[in-house]
Amino acid sequence: MNFRRKAFLAFVLLAQVSFLQGDEHTHTYKATEEVILWMNTVGPYHNRQETYSYYSLPFCAGPKEQIGHYHETLGEALQGFELEFSGLSIDYNSETPVSVYCKIELNDEKLKAFLYAVKNKYWYQMFVDDLPIWGLVGEADETKGEYSIYTHKKFEFGFNGNQIVDVNMTTENKVQLVLGSTISFSYEVFWRKSSVKYEDRFDKYLDPNFFQHRIHWFSIFNSFMMVIFLIGLVSMILMRTLRKDYARYAKDEEMDDMDRDLGDEYGWKQVHGDVFRPAAIPMVFSTFLGTGYQLLVVTFVVILFTILGELYTERGSLLSTAIFVYAATSPINGYFGASVYAQMGGKKWIRQMVCSVALLPAVVCGTSFLINFIAMYYHTSRAIPFGSMVAVACIVFFVVLPLTLVGTVLGRNLGGQADYPCRVNAVPRPIPEKKWFMEPTIIIALGGVLPFGSIFIEMYFIFTSFWAYKIYYVYGFMLLVFAILLIVTVCVTIVCTYFLLNAEDYRWQWTSFFAAASTSGYVYIYSIYYFVFKTKMYGLFQTAFYFGNMALFSLGLGIMCGTVGYIGSSYFVRKIYSTVKID
Ligand SMILES: *[C@@H]1O[C@H](CO)[C@@H](O)[C@H](O)[C@H]1NC(C)=O
């Protein structure tokens, strides 16, 4: 373990509410030291996220007594890990011959449970020394109507020095499920010297053929080209049109008042007295923006940490880190939310702060609560334990809330002054009739097309790693695509804002926000396509879990993109109105 990784793990441990103990966490073993096999979950192959605790099937545990305590981290609990001791005795570098570890009598109830599991292609997951192992419960021969389960587990460990670097398990010895029969489960253990380095032991779970496929490289290259093209296009169009506009406005200046009244002044300059009018419902708007700023930082930091710390190899640590980073970056939410709110003349800052604190946690908890109901009904291990709920609530109340308060106070005092280049007229200007495609709704709907186009291949890879059995590890790609998305979003939103203002419609704040946020609408539609055509999920629980989580993901993405779009447009608007001469 090199230093970078060590420092990183120290950080992750800090991030976890409960702490770890026990010798398996040092990952080094003495001769014949005990190696613990943890049974995790069992569930249908096609519904990756629908998991039940392993012993919810009538499997039996080995004779060994429970040893060493296992402390679950918050991330693990929220992700449905349920490690239970297998009761098998495995000793470091000492082989175990074929031995029966327990027997079960197949009564009616047990038979039914196993039949259901075999018919639905259940498989289970175990962990040994933090390495995952998977195995099929059984096999069905539909034509003959015969169902059987595997009763023998053959473990082959690879060790290098005093560390476990590889483990294979093969399931053998099919036994047909017959009422009243006795089934005995057995296992054997082999140890082999291996030349795999400890640092590389996770490599065999990664799938470079999938993630570093030509298509992936190509799509990133493509998006990159699109960015360059877009930036060029946007700057060229804007430069030219803006220069023309400025020239026109300058010419109007030279005419005397009489002519100017009769003249045909039009375009974005007309709305200078309204363009800095506060957005509708400033409280909601500033709450979205504050959250968006925070999400931007959280996403960036978590991706960076994952690249540096290879977090994907640790169970649940990605989620733990995300929660920790979210809590730690709360002042950002408070600061930007409050400063935007104050700039828009808002006075009820306490209410605004409470909204900022609550927005994301409330939506996430609300959705999880609904999913939890279904999860509890199905008894899946996905049901969030009460303790974890309390832990999350404590984090929100005792960490997020005070930190947001600090940010809010700073935001109101340091960033609350609006220095707009033009004054706001007392009476709002009527918004003139315009062509249908200049309506904000149309602009909003079209705004998301290009940003979505730049990320949808990446979405495929991310979805596949979450909903199918792939470990996402190309976080460098993700960072690149994230950057591309932000740039494309800013470019597109600026163009949208220009069109809107040129049609003398000054409601640009919400329009720019939603024009950028509509990307996530397309992502959600894509997720429906993905569900129908790319996966074989079924059942109420998995469907609710899928669409609930996708809605949360899309919402987060939408708030983030919307904020970026608004930041870009706001910069642009200030720029153009501060250079034009207003009489
Ligand atoms: C596990 O299986 C892989 C692929 O079949 C093989 O290369 C490796 O040597 C095996 N490891 C052990 C410890 O037997």
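Residues numbered from 1 in each chain as written. Predicted model: local features only at pLDDT ≥ 70, side-chain atom pairs only at ≥ 80, totals over all residues. Heavy atoms only, no water.

*Asks:* Now, about a negative patch on the surface: what can you tell me, with residues and values included?
*Replies:* Residues E199, D200, D203 and E310 make up a contiguous surface patch of negative charge. Following the sequence through the fold, E310 ends up in the loop between α7 (282-309) and α8 (317-328). A relative accessible area of 30% means that E310 is categorised as partly exposed. (Patch = residues over 30% accessible without salt bridge, like charges linked within 9 Å, V, L, I, M, F, W, Y side chains within 5 Å. Areas by Shrake-Rupley, 256 points an atom, 1.4 Å probe, with all protein chains shown as cover. Salt bridge = Lys/Arg side-chain N within 4 Å of Asp/Glu carboxyl O. Lys, Arg positive; Asp, Glu negative; His and termini not counted. Charge placed at Lys NZ, Arg CZ, Asp CG, Glu CD. Helix = DSSP H or I, 4+ residues; strand = E, 2+ residues; numbered from the N terminus. Buried < 20%, exposed > 50% of the residue type's maximum accessible area, 1.4 Å probe, protein only.)

*Asks:* Tell me about the state of the cysteines, and please be specific about residues and values.
*Replies:* Scanning all chains against the criterion turns up 1 disulfide. One disulfide in the model links C60 with C102; its S-S distance is 1.8 Å. Judged by the torsion about the S-S bond (70 degrees), the C60/C102 disulfide is right-handed. Within this pair, whereas C60 is found in the loop between β3 (52-53) and α2 (74-78), its partner C102 is found in strand β6 (residues 96-105), the two being separated by 42 residues in sequence. The same class applies to C60 as to C102, namely buried. (Disulfide = S-S within 2.5 Å.)

*Asks:* So what about the site of the ligand? Which residues, and what values?
*Replies:* The environment of the ligand is formed by E156, F157, G158, D166, N168 and R192. R192 has a polar side-chain atom sitting 3.5 Å from an oxygen atom of the ligand. Burial of the ligand by the surrounding chains reaches 44%, relative to a free accessible area of 360 Å². With 3 residues, strand β10 (residues 146-160) is the single largest residue contributor to the shell around the ligand. (Near = heavy atom within 4 Å. Polar contact = N/O pair within 3.5 Å; in protein donor to acceptor, adjacent residues only side chain to side chain.)

*Asks:* So what about empty space enclosed by the protein? Which residues, and what values?
*Replies:* Under the definition given, this model contains 1 cavity of 30 Å³ or more. What the largest cavity holds in volume is close to 40 Å³. Lining the largest cavity, in full, are M39, Y54, Y55, C60, A61, S86, L88, Y101 and K153. The residue inventory of the lining of the largest cavity, partitioned by class, reads 7 nonpolar, 1 polar and 1 charged. (1 Å grid on protein atoms, 1.4 Å probe; cavity = no way out; pocket = protein on both sides within 12 Å on 5 of 7 lines; lining within 4 Å. Points joined across faces, edges and corners; volume = space filled by probe spheres on them. Nonpolar A, V, L, I, M, F, W, Y, C, P; charged D, E, K, R; others polar.)

*Asks:* Outline the pattern of salt bridges, listing residues and values.
*Replies:* For the structure shown, the criterion picks out 17 salt bridges. For E76, the salt bridge identified is with R315, shortest N-O distance 2.6 Å. Residue E76 is located in helix α2, and its partner R315 is located in the loop between α7 and α8; the two are separated by 239 residues in the primary sequence. Accessibility classification places E76 together with R315 in one group, the buried group. Put simply, D207 and K470 hold a salt bridge, and the shortest N to O gap is 2.7 Å. Of this pair, D207 sits in the loop between β12 (182-193) and α4 (208-211) while K470 sits in the loop between α13 (449-467) and α14 (475-502), and the two are 263 residues apart along the sequence.

*Asks:* Tell me about the environment of T28, and please be specific about residues and values.
*Replies:* Secondary-structure assignment places T28 in the loop between α1 (3-15) and β1 (34-35). Along the primary structure T28 and E105 are separated by 77 residues, whereas in three dimensions their C-alpha atoms are 39 Å apart.

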